Amino acid sequence: MKLDVNEALRYLGVRGEPDPELSAQVARTAEELTNLLTPRYTYQVFDLAPAPGGIRLAGTETVLPGTTAARMLGSCRQAALLACTLGARFDQMLLAAQARDMARAVVLDACGGAWVEAGCDEAEHEIAARFPGQYLTDRFSPGYGDLPLSLQSGLCALLDTPRRLGLYVTESDMLHPVKSVTALVGIADAPQPARVRGCGACTLRETCAYRKGGQRCAR
Amino acid sequence: MRDEFWREGLTLLDGALGTVLQHADLPPGARPELLALTHPQILSDIHRAYAQAGSQVVYANTFGCNAKKLAGTGRGVEEVVAASVAAARTGAAGTGARVALDIGPLGELLEPLGSLTFEGAYALFREVVEAGVRAGVDLVVIETMTDLYEAKAALLAAKEHSDLPVFVTLSFEEGGRTFTGCGVTAMARTLEGLGADAIGFNCSLGPDGLAPLVEELAGATSLPIIAKPNAGLPDPLDGHYPMGPEEFAATLAVLVDRGAAILGGCCGTTPDYIAAVQAALAGKTPAPRRYRPASRVCTPTRCLTVDGVRVIGERINPTGKKRLQQALREGDLDYILDLAVRQEDAGADILDVNVGCPGVDEVELLPKVVKKLQSAVSLPLQLDSADPAALEAALRVYNGKPVVNSVNGDPASLAAVLPLVKKYGAAVVGLCLDEKGLPQTAEERLAIARRILSAALAQGIPREDVWIDCLTMTVSAQQSQAVETLQAVRTVREELGLQTVLGVSNISFGLPQRPLVNQTFLTAALACGLTLPILDPNRAEMMDAIRAFRALSGEDEGCGAYVERFAQASAPAAPAPDPGAGEALTLAQAILKGRRGEAGRLAREALERMEPLALVEGELIPALDRAGEEYEAGRLYLPQLLSAAQAAQSVFEAVADQLERTGAAPVKKGALAVATVRGDIHDIGKNIAKTVLENYGYQVLDLGRDVPPETVAEEAARRGLKLVGLSALMTTTLPAMAETVRLLKALPQPPAVFVAGAVVTEDYARSIGADYYAKDAKASAQIAREVLG
């Protein structure tokens, strides 16, 4: 697992060539963070079944409604549901950092974002390895496109994330601890085009600082 | 006489309910918490199968039976607990198995990370315990906890609302910590102190993974140890647990050799596993225990063993400190937290916390301060108050094992304080004085120490938790006392073998060159056996004296820490981290570059030749504006903007010091409140804005996160605020933002409102009636200037 320092810099709003002092600070904080904490993840693979109003994770009550899920999973018979978190200890670190040095805290926050993504990548690799000869779609999460945030509590319950990861969902559908991700990855027989990694599917497209600056966050 | 059945030989608990239920014929979507109402027979059959397999205790199906998890089911705690316990009784009938009330986690993070308060968690657990007692359970089991604070709330509720035995097990990860970072020894000292009857581990790891943890626990507690592990770690793809019954039982037998005496299974185990364990353990007896008592205090993440000199930081004590007194009266907890983090970062091991000063309600404030400190400081605290009610309020909400400062030899003090120390499992500082005052001789002080010790032992407080303070008197006023104090320290250490505490700084009051006297007295006291000096860890000469002493006493093996401390001082100057460092900077440049120390120094120099207000308006604000413009232009990024703001803070501190010296009115711009709206737990954006606003000189009232609309409106009205800032990160919390704006605008004198956050836009701000949209922290400062001047 590797924390992508450039990704953390992007979260800090850095566009173009980063200032060397800031880059060094981010690299230092990234090292401290990765020495202290490892992202934890869990996943489960479900068969997909058509259901009124969306796609059902077979054997469960969970239906994924809307066009995003239909587009992403249209050619898949199965999907992996994954959850990844840096855990409560990251939140503790962030509180401690904010009490000492707010500048360092925002750097830590950005590194945390990149580190939990690295955990998701690792989980995805593990899933891919268990389905040789098959192809994964892009990862997508509640909040992307029209996949509703209200799915969070059901998805976390399916993975028993409170017990396995210490990951909870608040009444306002936020994941808690703060650096946490739930995501779906479709498993298909044929190669999958990139779909999610563009601004068209992103709910932040109206307010995004990168877009305002003519940049994109995705590769 | 309580039936302490678990103290005889090995005790066998049950295995998992959920795993067996997966094989039962349940309709999809059935709520597991409600099975006792919908399918009592299925439950009874499982309990019976466990009892017949050898379980001496079966856990009733009450793991998730709390008001929070039952919300929306239309069923109440009382009813579900009663039915669940009845199903367990039916299953256990005729087998001799006892029935436990099973209490699991509430399913959300407690404060300081989440919004659920300690008191709120306690109330939820209390309801479950009371229902369990009425249902007639034989014992209470608190299990699968990952947050020591939540386990404490549940244990306290069980102890205060039942006379039943209480077992507590936490769920640990590889690496020996829970999800929230709690370590094994911290768990042991905290839960044993609070009166648990047996403690240990369940869930999470398999029995092989538990072995080192059981071993650590065996050395850290005198209580019987529970091990109720999973059948290994599940395969994520299909949820299958890898260990079969025989392998599981064989590994559990290893845990018995390491010290576990109460055994069972968690996820992945069934009655077959318990039967296998029963067979594997036949004829086995508990391993001899090797608990070695030690003087310890802890927070969940840090356990401090006093096996050498440990420093108690003295800074959070308002005696003679005007700014701290003012902060306490105004409830400015951030100021107090700052005192704490500076002491932690300077190397303190424990922090004394005293908030007693005129105009302050200690009973209300001390627990608030404790909560604030434990949000960002990992050191154990010394709760310091003369008011037993304040001590108890703080002991309740403390997360870990604290030390109480203090009790003394007066029978009234012993009677008021020691029961609290015992109940909450703290250590205690005993002052060598009594109702007749402070004795003049070392012998008399030793006699009081003896009295305190025997009273503590009689309460059941172990001797390693009794720390004696022989009391320092000012040498310029009572010269003969310095020697008596040192002699008292020596005899308490040598004759009673207790830890010794001593406030060092009082010795030099009224003398010139106080640091020299303090340092010399400290060194003399350490030589006499002082183990817990109370001092200001920010004073290098004091910390260095301790480092030197540790080298001389052999505590600092190989003098490594001592050498490390001074290696840099004698080495040639390290290359500067930045090519600009070291060159002469103007104040504005120092702020722009975020050099805190440099900016403070330059400000103090400038204040010798200019008025504070002129410095703020003429130099500081323009420099901050410049940083803001650079940020706008994309030449500075957020961390750099914040560094500049923090450098500005050191200028403000210099200004405040100057004003305090001259007695002039403080430079204060207008006040505003900031809050993250209800439902929203992400508050770093709000905190960034707060940092920037404060460093422009505004008084920022931080209402926190997940703040109900009513609270924001009440505070705004009560304080007559002209400006309020609100933040929301997610679309799901925008309605709460709209509601907050609506309530604010309905006030008789509505404040101006600005809103901010990732999903907020200019249009949205306008649509909900906010006056301003702040696209970043810089913008919030412009808005404050427009509204407040």
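Quick caveat: nothing in here was measured; it's all calculated off a predicted structure.

Chemist: Break down the overall build of chain A for me, citing the residues and quoting the values.
Modeler: Summing up its helical and strand segments, chain A has eight helices and eight strands in all. In chain A, buried positions account for 48% of the 219 residues. Sequence-distant contacts in chain A: of pairs separated by 6 or more residues, those separated by 24 or more amount to 74%.

Chemist: Describe in detail the overall build of chain B, supporting the description with residues and values.
Modeler: The helix and strand tally for chain B stands at 30 helices and 23 strands. For 789 residues, the compact-globule formula gives about 28 Å, and the C-alpha radius of gyration of chain B, at 30 Å, lands near that figure. Along the first, second and third principal axes, the C-alpha set of chain B runs to 90 × 75 × 50 Å. A separation threshold of at least 6 residues defines the contact pool for chain B, and within that pool the share at least 24 residues apart is 76%.

Chemist: Can you lay out the domain arrangement of chain B for me, pointing to particular residues and giving the numbers?
Modeler: Along its sequence, chain B is organised into domain 1 (18-280), domain 2 (304-539), domain 3 (587-662) and domain 4 (671-788). For domain 2 of chain B versus domain 3 of chain B, the distance between C-alpha centres works out to 38 Å.

Chemist: Give a detailed account of the environment of Gly18 of chain B, specifying residues and quantitative values.
Modeler: Residue and element names in this part refer to chain B. With respect to the helices and strands, Gly18 occurs in helix H1 (residues 18-23). Between the C-alpha atom of Gly18 and that of Phe172, which follows or precedes it by 154 residues, the distance is 20 Å. Excluding residues within four positions of it along the chain, Gly18 makes contact with Pro32 and Cys267.

Chemist: Break down the interface of chain A and chain B for me, with residues and values.
Modeler: Listed as interface residues are 46 residues of chain A and, on the opposing side, 45 residues of chain B. Those elements giving two or more residues to the side of chain A that touches chain B turn out to be helix H2 (20-36), strand S1 (40-51), helix H4 (88-100), helix H5 (102-130) and helix H7 (161-165) of chain A. No other element matches H4 of chain A, which puts nine residues into the side of chain A that touches chain B. In terms of residue class, the side of chain A that touches chain B is built from 21 nonpolar, 12 polar and 13 charged.

Chemist: I'd like a description of the sheet that holds strand S23 (residues 772-773) of chain B, backed by residues and values.
Modeler: Two orientations exist for strands paired in a sheet by backbone hydrogen bonds: parallel and antiparallel. Residues and elements named next belong to chain B. One open sheet accounts for five strands, arranged S20-S19-S21-S22-S23; its pairing is parallel. Each of the sheet's edge strands pairs with one partner strand only, and the pair in question is strand S20 (699-702) and S23. Of the pairings in the sheet, the one linking strand S19 (residues 671-676) to strand S21 (residues 723-727) comprises four bridges and is parallel in character. Bridge pairing links Thr676 to Ser727 in S21. Running over the sheet, helix H27 (residues 709-719) touches S19, S20 and S21 and is turned about 175° from S19.

Chemist: Account for the nonpolar core, with residues named and values stated.
Modeler: By size, the foremost hydrophobic cluster in this structure holds 341 residues, and its most contacted members are Val140 and Val428 of chain B. The contact partners of Val428 of chain B, leaving out residues within four places of it in the chain, are Val403, Val404, Val407, Val417, Val421, Ala456, Ile461, Asp465, Val466 and Trp467 of chain B.

Chemist: Run through helix H26 (residues 684-695) of chain B, naming residues and quoting values.
Modeler: All names here are of chain B. Between the first and last C-alpha of H26 there are 17 Å, a value that for 12 residues agrees with the 16 Å anticipated at 1.5 Å per step. In terms of burial, H26 is largely enclosed, as 11 of its 12 residues are buried. Of the residues making up H26, those classed as buried are Ile684, Gly685, Lys686, Asn687, Ile688, Ala689, Lys690, Thr691, Val692, Leu693 and Asn695. Just past H26, the residue Gly697 takes up positive phi, approximately 100°.

Chemist: Report on the packing of helix H13 (residues 333-345) of chain B against helix H14 (residues 362-374) of chain B, specifying residues and quantitative values.
Modeler: All names here are of chain B. At a closest axis distance of 10 Å, the pairing of H13 and H14 adopts a crossing angle of 55°. If you check the angle between H13 and H14, you find them oblique. Between H13 and H14 the crossing geometry is right-handed. Across the interface between the two elements, Leu333, Ile336, Leu337 and Ala340 from H13 touch Lys368, Val369, Lys372 and Leu373 from H14.

Chemist: Account for the confidence of the model for chain B, with residues named and values stated.
Modeler: All names here are of chain B. Of the residues in chain B, 97% have a pLDDT of 70 or more, and the chain-wide mean is 93. Note that pLDDT drops below 50 for residues 571-580; the model gives that stretch four contacts with residues more than four away or on any other chain. For this predicted complex, the interface score ipTM comes out at 0.90, while the overall pTM is 0.92.

Calculation criteria
- The residue count restarts for each chain, going from 1 along the sequence in the order it is written.
- The order in which chains are written sets their letters, starting at A; the order in which ligands are written sets their numbers, starting at 1.
- In keeping with the model being predicted, local features are shown solely for residues with a pLDDT of at least 70 and side-chain atom pairs are shown and tallied solely at 80 or more, while totals for entire chains, interfaces and linings include all residues.
- Strands here are runs of E lasting at least two residues and helices are runs of H or I lasting at least four, both read from the DSSP assignment and numbered beginning at the N terminus.
- Each residue is classified by how many other C-beta atoms fall within 10 Å of its C-beta atom, where C-beta atoms are placed from the backbone; a count of 20 or more means buried, 12 or fewer means exposed, and values in between mean partly exposed.
- Contacts are defined on C-beta atoms placed from the backbone: any two residues whose C-beta positions lie within 7 Å are in contact.
- In this treatment the radius of gyration is a C-alpha quantity, and the globule benchmark scales as 2.2 Å times the residue count to the 0.38 power.
- Where each domain starts and ends comes from a domain assignment, either automatic or drawn from a database.
- Charged means Asp, Glu, Lys or Arg here, nonpolar means Ala, Val, Leu, Ile, Met, Phe, Trp, Tyr, Cys or Pro, and polar covers whatever is left, Gly included.
- If DSSP finds at least two bridges between two strands, the strands pair.
- Angles run from 0 to 180 degrees between N-to-C directions of axes, and those axes are lines fitted to C-alpha atoms, restricted for helices to the stretch in contact.
- Connectivity within a nonpolar core runs through C-beta atoms within 7 Å, and the core itself is a set of buried Ala, Val, Leu, Ile, Met, Phe, Trp, Tyr and Cys residues.
- Multiplying one less than the number of residues by 1.5 Å gives the expected span of a helix.
- The scheme is simple: roughly parallel for angles under 35 degrees, roughly antiparallel for over 145, roughly perpendicular for 65 to 115, oblique for anything else.
- Definitions for this section: a left-handed crossing has its near helix turned counterclockwise from the far helix by less than a right angle. A right-handed crossing has that turn clockwise.
- Across the chain, each position has a pLDDT score giving the predictor's confidence in that residue, from 0 to 100.

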